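Survey of secondary and tertiary structure
One letter stands for each residue in the lines below.
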Amino acid sequence: FCLCRTFLSISCAADALSANVGFFCCVYTKLDGKQSLLCLYETMAATSSAAAQLPESIGFVGCGTIAAAMVRGLCSRTDGPACPVVVVSPRNKQKAEELQAAFPSVVRVADSNQDVVDACDWVVLAVRPQVAEAVLPTLVFRAGQTVVTLIATVSTETIASWVAPVPITSVVRAVPLPPVARQDGATLVYPDHPGVMHLFCCLGQSVSARNEDELAAMQAVTSLMGPFYELLNQTTSWLTKEHNVPKATASKFTGAFFQSIAHDAFAASTDQDGFQALVHEQTPGGLNETAVRELTQGGVYQAFKDALTVSVARLQGKVKLPDS
């Protein structure tokens, strides 16, 4: 896809929010043979600056890996808007207490999930899909709240029915990943909500999808994170077990190598055919072209597509999630 980002010399600090300045960024992607425009933007003009500010308080119902990453990303920023008061669920006691210890001036561990909802303007739903229906309908929300749901397999309409009287226009789906802890990566958002887009711009980048089908397709790509880590694990294992490379050396080299080519991939993403160009530039008959051919003939890339198809089916509720 094509990523065009304009950074303005005016920061996201509160004084900048009152200036007549806009931040604009667009991501173009090709889905089903058609160009689609996925808006990645903030508007900081005086007429709409309030929509681009962070809330005074933000709470997390659920305190797993992604919720903790969001809290760390919000609280460790060194510029931009001030960190909101953060209230975290006591559900994962160890993670919650670690966050409070790391950021004692802004993070509080709630007494209960209802305490989180009562205390905050914005509420992030970060419980597992398997327990969401048992937990969320028991909570009492307020009409003026904004609800950000990280629950992948539950539709906006269903979440809205659980958090009423919050209007459905204030229920926003988001797909952050662990790198938001260091303000890195791109978070999918649906529907386009200026405040939530701004929140995730403070945690890296934010990308809005046009509809839930598009969100599911792009979210499926995030399921390749685990296979990518397993590729690194298998590569390191191959070096150590079959070629006696010390494990520390193998890990260091493998991580650094993939990080270096990831930079090239990100640079190529500014051209819609950039990834294909990177493949085509491999030396004919060379190691890389041969490896691509072997993996293609072995069905590896088709297996990746098959895995994506399964992920989309799960996200769309066509395949039942396991109970665990």
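The structure presented is a predicted model; accordingly, all values stated were derived computationally and were not measured.

Attention now moves to helix H9 (residues 225–243). Helix length check: H9, at 19 residues, gives a terminal C-alpha distance of 27 Å against a target of 27 Å (1.5 Å per residue), a fit within 8%. Every buried residue of H9 is listed here: Leu-232, Thr-236, Leu-239 and Thr-240. Looking down the long axis of H9, one finds its buried residues gathered within 90 degrees of arc, a one-sided arrangement. For H9, the exposed residues lying more than 90 degrees away from the buried face are Lys-241 and Glu-242. In this structure, the buried residues of H9 make contact with helix H10 (247–268).

Side chains of Val-279, Val-292, Leu-295, Tyr-301 and Phe-304 sit close together on the surface and give an oily, nonpolar patch of about 380 Å² of accessible area. At the level of elements, helix H12 (287–297) and helix H13 (300–315) are the ones that each hand at least two residues to the nonpolar patch. Counting through the fold element by element, Leu-295 comes out in helix H12. Given a relative accessible area of 36%, Leu-295 falls into the partly exposed group.

This brings us to empty space enclosed by the protein. One pass over the structure, following the stated rule, counts one cavity of 30 Å³ or more. Approximately 30 Å³ is the volume attributed to the largest cavity. What lines the largest cavity is Thr-149, Leu-150, Ile-151, Ala-152, Arg-173, Ala-174, Val-175, Leu-215 and Gln-219. When contributions to the lining of the largest cavity are tallied by element, the ones reaching two or more residues are strand S9 (171–175) and helix H8 (212–221). Element by element, the count of residues in the lining of the largest cavity is highest for S9, at three residues. Considered class by class, the residues forming the lining of the largest cavity number six nonpolar, two polar and one charged.

Attention shifts here to the state of the cysteines. Per the stated rule, a full pass over the model turns up zero disulfides. Looking at the unpaired Cys-75, the closest cysteine sulfur is the one in Cys-83, lying at 3.6 Å. Of the residues examined, Cys-75 reaches a relative accessible area of 15% and is grouped as buried.

Our focus in this paragraph is the packing of aromatic side chains. Overall, the coordinates contain four aromatic pairs when judged by the stated rule. Considering the side-chain rings of Phe-228 and Tyr-229, the 5.9 Å spacing of their centres and the 50 degrees angle between planes classify their relative orientation as tilted. Taking relative accessible area as the criterion, Phe-228 reaches 36% and is therefore assigned partly exposed. Overall, Tyr-229 belongs to the partly exposed group, its relative accessible area being 46%. Note on Phe-257 and Phe-258: the rings are 5.1 Å apart at their centroids and 75 degrees apart in plane angle, and the pair reads as edge-to-face. Among the residues examined, Phe-257 registers a relative accessible area of 38% and is labelled partly exposed. Phe-258 gets classed as buried once you look at its relative accessible area, which sits at 17%.

What counts as what
Residues numbered from 1 in each chain as written. Predicted model: local features only at pLDDT ≥ 70, side-chain atom pairs only at ≥ 80, totals over all residues. Heavy atoms only, no water. Helix = DSSP H or I, 4+ residues; strand = E, 2+ residues; numbered from the N terminus. Expected span 1.5 Å × (residues − 1). Buried < 20%, exposed > 50% of the residue type's maximum accessible area, 1.4 Å probe, protein only. Arc of directions from axis to C-beta. Contact = heavy atoms within 4.5 Å. Patch = residues over 30% accessible without salt bridge, like charges linked within 9 Å, V, L, I, M, F, W, Y side chains within 5 Å. Areas by Shrake-Rupley, 256 points an atom, 1.4 Å probe, with all protein chains shown as cover. Salt bridge = Lys/Arg side-chain N within 4 Å of Asp/Glu carboxyl O. 1 Å grid on protein atoms, 1.4 Å probe; cavity = no way out; pocket = protein on both sides within 12 Å on 5 of 7 lines; lining within 4 Å. Points joined across faces, edges and corners; volume = space filled by probe spheres on them. Nonpolar A, V, L, I, M, F, W, Y, C, P; charged D, E, K, R; others polar. Disulfide = S-S within 2.5 Å. Phe/Tyr/Trp six-rings, centres within 6.5 Å; stacked < 30°, edge-to-face > 60°.

Purely spatial values, then, with no claim about function.
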